[in-house]
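Summary of the model geometry
Take a look at the letters that make up each chain.
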Amino acid sequence: MLLSMKWLKDYVDVSDIDIKEFCNRMTMSGSKVEGYRVEGQELENIVVGEIIKIEKHPDADKLLVCQVDIGAGENKLIQIVTAAKNIFEGAIVPVALHKSKIAGGVSIKKGKLRGVMSEGMFCSVSELNLTLNDFPGAIEDGILIIDKEYNYSLGQDIKTVLGIDDIIIDFEITPNRPDCLSVIGLAREVSAVFKRPIKYYKSNNQDIKNNNIINNIIKVTNQEKELCKRYIAKAVKNIKIKPSPRFIRERLRSSGLRPINNIVDITNYVMLEYGQPIHAFDLDKINNNNIIIRKATQDEKIKLLDGVEKKLNPDVLVIADETRPLAVAGVMGGEDSGINKDTKTVIFEVASFDQESVRQTSKKLGVRTESSSRFEKNTDGEFLTTVVDRICQLIKELEAGEIIEDHVDINNSNNIKQEIKLDFDFINKRLGEELSEQEIKDILANIFIEVKDNKALVPSWRPDLMSLADIVEEIARFYGYDKIKSKKFNLSINSIAMRTDRQKFKNNIMDFMASQGYFEIQTFSFISPKSYDKINLDKDQELRNSINILNPLGEDTSVMRSTALPSMLDVISKNYNNQNQEGNFFEIAKEYYFNNNQDNNNNFAIEKEKLIIGSFGKKYSFYDLKSLIENLFDWVEVLEPEFVAQNNNSVFHPGRCADIYINNKKIGTIGQIHPVVSDNYQVGVNVFVASLDIDEIFNYRVTNKLYTPISKFPSVTRDLSLVCDKDLPVGVIEKLIQETVLDILEEINLVDIYQGEQVEKSKKSVCYSLRLRNSKKTLTDDEIDIIINRVLEKLRTIDVYIRQF
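Scoring rules and cut-offs
Within each chain, residues carry numbers counting from 1 in the order of the written sequence. Per-residue local features of the predicted model are confined to residues with pLDDT of at least 70, and side-chain atom pairs are confined, for both listing and counting, to 80 or more; whole-chain, interface and lining totals are unaffected and use all residues. Only hydrogens and water are set aside; all other atoms, that is, all heavy atoms of the structure, feed into the side-chain values. For each structure, a 1 Å grid was placed over the protein atoms alone; sets of points admitting a 1.4 Å probe that cannot get out are labelled cavities, open sets with protein on both sides within 12 Å along at least five of seven lines are labelled pockets, and lining residues have an atom within 4 Å of a point. Grid points are joined across faces, edges and corners, and a volume is the space filled by probe spheres set on the points. To qualify as a helix, a DSSP run of H or I must reach at least 4 residues; to qualify as a strand, a run of E must reach at least 2; elements of each kind are numbered from the N terminus. Note on residue categories: nonpolar means Ala, Val, Leu, Ile, Met, Phe, Trp, Tyr, Cys or Pro, charged means Asp, Glu, Lys or Arg, and polar means any other residue, Gly included. Here the bounds of each domain stem from an automatic or database domain assignment. Every residue pair with non-hydrogen atoms within 4.5 Å of one another is taken to be in contact. Buried area: the sum, over both parts, of the accessible surface (1.4 Å probe) that disappears when the two are put together. We count a salt bridge whenever a side-chain nitrogen from Lys or Arg sits within 4 Å of a carboxyl oxygen from Asp or Glu. Under the rule applied, a polar contact is a pair of N or O atoms within 3.5 Å (in protein, one hydrogen donor and one hydrogen acceptor; residues adjacent in sequence only if both atoms are side-chain atoms).

1. A short note on empty space enclosed by the protein
Summed over the entire model, instances satisfying the criterion amount to three cavities of 30 Å³ or more. Taken as a whole, the largest cavity encloses approximately 70 Å³ of empty space. Contributing to the lining of the largest cavity are 13 residues, with Arg-188, Glu-189, Ile-447, Phe-448 and Arg-462 lying nearest its centre. Only helix 4 (183-194) and helix 13 (468-479) provide two or more residues apiece to the lining of the largest cavity. Among the elements that make up the lining of the largest cavity, the one with the highest residue count is helix 4 (four residues). Within the lining of the largest cavity, the residues separate by chemical class into five nonpolar, one polar and seven charged. Counting contributing residues per domain, the lining of the largest cavity is built from domain 1 (2-39 + 167-194) and domain 4 (419-479), each supplying no fewer than three. Considering the residues around the second largest cavity, the lining is formed by Leu-569, Ile-572, Ile-673, Val-677, Ser-678, Tyr-681, Val-683 and Val-687. Looking at the lining of the second largest cavity, the elements that each hand over two or more residues are helix 16 (565-577) and helix 18 (675-680).

2. Let's talk about the domain arrangement of the protein chain
Splitting the protein chain by domain gives domain 1 (2-39 + 167-194), domain 2 (44-162), domain 3 (214-411), domain 4 (419-479), domain 5 (501-699) and domain 6 (716-802). Summarising the inter-unit geometry, the C-alpha centres of domain 5 and domain 6 are found 33 Å apart. Facing the four residues of domain 5 at the interface are four residues of domain 6. Taken together, the two surfaces of domain 5 and domain 6 that pack against each other cover about 270 Å², and 44% of this comes from carbon and sulfur. In this assembly, domain 5 and domain 6 are joined by one salt bridge. Among the ionic pairs, Glu-642 bridges to Lys-735, the shortest N-O distance being 3.6 Å. If you look at where domain 5 meets domain 6, you find zero residue pairs in polar contact (both at pLDDT 80 or more). Of the residues contributing to the side of domain 5 that touches domain 6, the split by class is two nonpolar, no polar and two charged.

Given below as structure tokens:
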């Protein structure tokens with residue numbers, strides 16, 4: 001909310017308060033100031049001048065030489081050379097003097113133009129950072145001629161004369177304070193903070209009750225009493241459309257609105273002043289002079305004031321006549337019923353619309369206006385007649401038309417004044433202070449809350465005050481947070497807060513990954529459904545059945561992810577395309593699935609945490625990532641995993657993918673991303689990823705640790721060079737060796753895999769190094785040979801033989 005300090009001073013006199021102190025104290029009271037700006041701050045050394053004499057330039061047909069009176073004593077006449085066509089002798093104009101600055105920070109210095117000295121420059125509207133809306137009689141490409149409306153003296157600063165010296169404060173208004181979306185609302189806050197009296201306009205409008213007159217002019221039918229609690233229609237005839245006077249134009253400009261004409265400007269001016277949106281209809285464009293408040297019909301259309309046609313549905317509340325909609329209630333009026341230069345009679349609409357209805361309509365139509373932003377936060381329905389009186393007052397003051405007696409007022413509201421019982425002990429306990437009852441009552445009176453019979457009577461414009469806790473907050477705001485003394489917590493803690501075993505487990509995982517040079521990332525839990533196509537997920541995969549977000553920001557974030565692989569690949573893609581040739585990342589990510597357990601009454605989604613690991617670069621291989629996972633499991637003390645080849649996963653490279661098992665339970669997948677997927681993410685090097693279920697890994701951690709003393713007996717190393725079918729996973733061989741040797745096998749390492757001329761094309765050679773040790777005695781050669789022969793005999797059952805050289 002932009003607040004003009006000039007406008008504020010009409011209500012509360014704070015002219016003696018420094019602007020920085022003002023902003024600080026308002027912020028400390030809870031009315032947060034985002035910032036402030038001084039109008040015309042960039043304009044320097046520009047004054048009012050009168051053109052005394054105009055002559056032609058001796059050497060240029062298009063230039064004029066002017067003698068200008070700037071009212072500066074003996075040196076009051078200066079010479080300016082210009083090409084302007086709209087100047088004349090006696091014209092009052094803005095003059096940028098030597099070493100002045102105009103809009104955009106452009107510096108002006110004296111100099112010669114075609115041999116004739118020019119000591120400054122005349123200014124146009126744009127060169128003063130203004131528009132033609134601010135000066136309706138000005139010429140776009142000509143010099144601004146200052147008319148008699150402005151009180152001036154020659155040599156006076158142009159900013160003061162034209163009213164571009166206002167200070168504009170930008171307040172951040174929270175959704176629970178719709179009353180502060182108005183000058184009067186903020187004036188009440190200022191009055192309470194600085195303990196200054198507030199001045200209201202006194203209505204001198206005599207709205208004579210004469211239903212016969214108003215009913216002959218306009219009729220109103222309300223078919224939606226729940227969505228429109230109150231509707232007032234006020235008629236003004238013999239309208240004179242013309243530019244608004246200076247004070248209205250200046251205040252609208254300061255508030256960020258463009259002046260249009262006196263009638264439209266009055267509606268905007270009163271809206272800013274009271275926070276109540278107003279709409280004006282041309283009576284001649286209302287069929288049969290009958291306004292109907294109803295819901296739109298399916299596919300009904302309206303062309304709004306911005307020229308855009310919108311298709312409506314029965315959820316949209318409209319203001320209509322007997323044939324068509326005239327306006328979308330609370331959002332924007334229709335072009336067909338708008339005000340123009342030929343308008344003779346205006347119907348001013350002052351209404352109270354349901355905030356939820358306006359919010360949903362604004363969202364569905366994609367139209368957000370000053371009006372809708374106020375209605376959707378709630379407006380004060382009891383204030384409507386005051387708003388009508390203010391409109392009438394301005395109509396008279398601006399001589400914009402003749403006010404017709406009485407008005408239509410359909411009131412379906414049942415406004416009951418909110419009463420909150422005061423508990424002074426409770427208030428002091430919450431504040432941590434010892435305020436007397438009178439002090440509390442004085443603070444409440446200062447913020448316009450009357451206390452009667454120990455009950456706080458909440459004003460109609462404060463719908464946010466609903467409980468005693470809200471009253472305590474108001475007292476704290478205006479008593480002063482800085483006055484409330486800090487106190488230590490009087491709290492005894494009987495237990496020490498500690499991390500759970502699962503939290504410690506996750507921290508160990510993160511510590512390990514960071515120690516291995518992996519960067520932790522954090523990604524959003526919502527993705528685009530197109531991501532599943534991008535990772536080449538099979539069409540019939542259950543993972544495609546994602547949970548949709550009811551109110552997504554867009555298609556790219558419209559579903560909750562059932563796999564975090566797209567998020568990891570997005571990060572890898574971004575890094576690769578930013579010229580990083582390699583990288584290692586990990587994330588403990590959340591994935592979401594539908595709860596299909598019919599026996600469980602919990603309808604919430606299932607949320608799982610997965611450890612997602614990603615590496616890219618020419619130097620990385622499948623075995624690097626496999627080794628990392630094995631070391632990770634060893635670090636966090638989890639049972640040894642088994643890697644089982646997987647050739648049917650469309651996301652991964654065929655032949656370079658494995659499912660990870662512990663005790664025959666699948667706990668994750670590891671592999672190289674399919675080349676098609678790498679191309680989809682525009683990554684030109686190998687990409688390896690792994691996905692591990694945190695919960696499953698946690699369940700298989702080793703909890704019972706046994707001490708094993710260092711053996712006194714030596715170990716023995718034996719190498720086995722074997723030949724097997726090329727498609728046989730080496731993990732199968734390794735598992736068989738482990739099951740055969742059992743406790744005597746201390747370590748097994750895969751040394752080499754060979755395919756080439758020295759083995760058959762359908763075969764491959766694998767070499768293992770075995771380290772054997774008996775904890776009770778020294779192994780003899782004969783015992784070792786028996787063990788090795790037993791291993792070879794078992795291997796022959798799966799067509800694995802010793803390699804012959």
